[in-house]
Amino acid sequence: MAMSEDEDRRRAEKARQVGLFRYSLIQGLLDPVLTTSERGRLARELAAQEHTDPFGRQVRFSRGTIDRWARDNRGGGFAALVPERRKAVPRTPPEVLELAAALKWENPARTAAQIQRILRTTQGWSPTDRTLQRHLSTPG
């Protein structure tokens, strides 16, 4: 199912805001004049503080996260600070979900728990009944 262009733009803008926030947080660490010990002290100070993220929440970041963002920025620039879009990979084979849909179509009164029991008996395993509910309630 393709996402709308507006949704894509909205997600890209949120990711850009996160990248800008990360950059604003670590920009002091990127100063080439700083010594390693000064950079470490500054990173520890940043890790000890609460920060307001782009969405208004109070958050803390570990020293390791702050160091990773600084490394990412040195290696890939601003683009490395922008979170990538998640790549969700379905874990349930499509054939199993198609069989579940066929069982539901065959008898619309069947519950997900009943379909799960049938699949376990015939296939030897089944996704959870909640996974089946989610799949069967999704049109298409």
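Our structure's up above, just so we're on the same page.
Residues numbered from 1 in each chain as written. Predicted model: local features only at pLDDT ≥ 70, side-chain atom pairs only at ≥ 80, totals over all residues. Heavy atoms only, no water.

Chemist: Is there a simple way to think about the overall build of the chain in this case?
Modeler: Helix and strand content of the chain: 6 helices and 2 strands. Element order for the chain, N to C, with α for helix and β for strand: α-α-β-β-α-α-α-α. Radius of gyration (C-alpha) of the chain: 24 Å, far over the 14 Å computed for a compact globule of 140 residues. Dimensions of the chain, computed from the C-alpha atoms along their principal axes, are close to 70 × 35 × 25 Å. Considering the chain as a whole, with its 140 residues, one finds that 26% of them fall into the buried category. Taking as baseline every contact in the chain between residues at least 6 positions apart, the subset at least 24 positions apart corresponds to 47%. (Helix = DSSP H or I, 4+ residues; strand = E, 2+ residues; numbered from the N terminus. Rg over C-alpha atoms; globule rule 2.2 N^0.38 Å. Buried < 20%, exposed > 50% of the residue type's maximum accessible area, 1.4 Å probe, protein only. Contact = heavy atoms within 4.5 Å.)

Chemist: Any chance you could explain the environment of alanine 100 here in plain terms?
Modeler: Considering the arrangement of structural elements, one finds alanine 100 in helix H4 (residues 94-106). Alanine 100 sits 40 residues away from arginine 60 along the chain, and the two C-alpha atoms are 44 Å apart. Contact partners of alanine 100, with chain neighbours within four places excluded, come to Ile115, Leu119, Leu132 and Leu136.

Chemist: Before we go on, may I ask you to explain the side chain of asparagine 73 in this structure?
Modeler: For asparagine 73, the position within the fold is in helix H3 (residues 63-76). Dropping the residues within four chain positions of it, asparagine 73 is found in contact with Tyr23, Ile26, Leu30, Phe78 and Leu81.

Chemist: Help me out: how do you make sense of the environment of proline 108 in this one?
Modeler: Counting through the fold element by element, proline 108 comes out in the loop between H4 and helix H5 (112-123). By relative accessible area, which is 59% here, proline 108 ends up exposed. The spatial distance from the C-alpha of proline 108 to the C-alpha of arginine 44 is 59 Å, given a sequence separation of 64 residues.

Chemist: Whenever I open this one, H4 confuses me. Can you help?
Modeler: In an α-helix, one turn spans 3.6 residues; hence positions three or four apart end up facing the same way. Taking 1.5 Å as the rise per residue, H4 with 13 residues should run 18 Å; its terminal C-alpha atoms sit 18 Å apart, in good agreement. If you check which residues of H4 are buried, you get Val96, Leu97, Ala100 and Leu103. Buried residues in H4, looked at end-on, bunch into an arc of 115°, giving them a common side. More than 90 degrees from the buried face of H4, the exposed residues found are Glu95, Glu98, Trp105 and Glu106. (Expected span 1.5 Å × (residues − 1). Arc of directions from axis to C-beta.)

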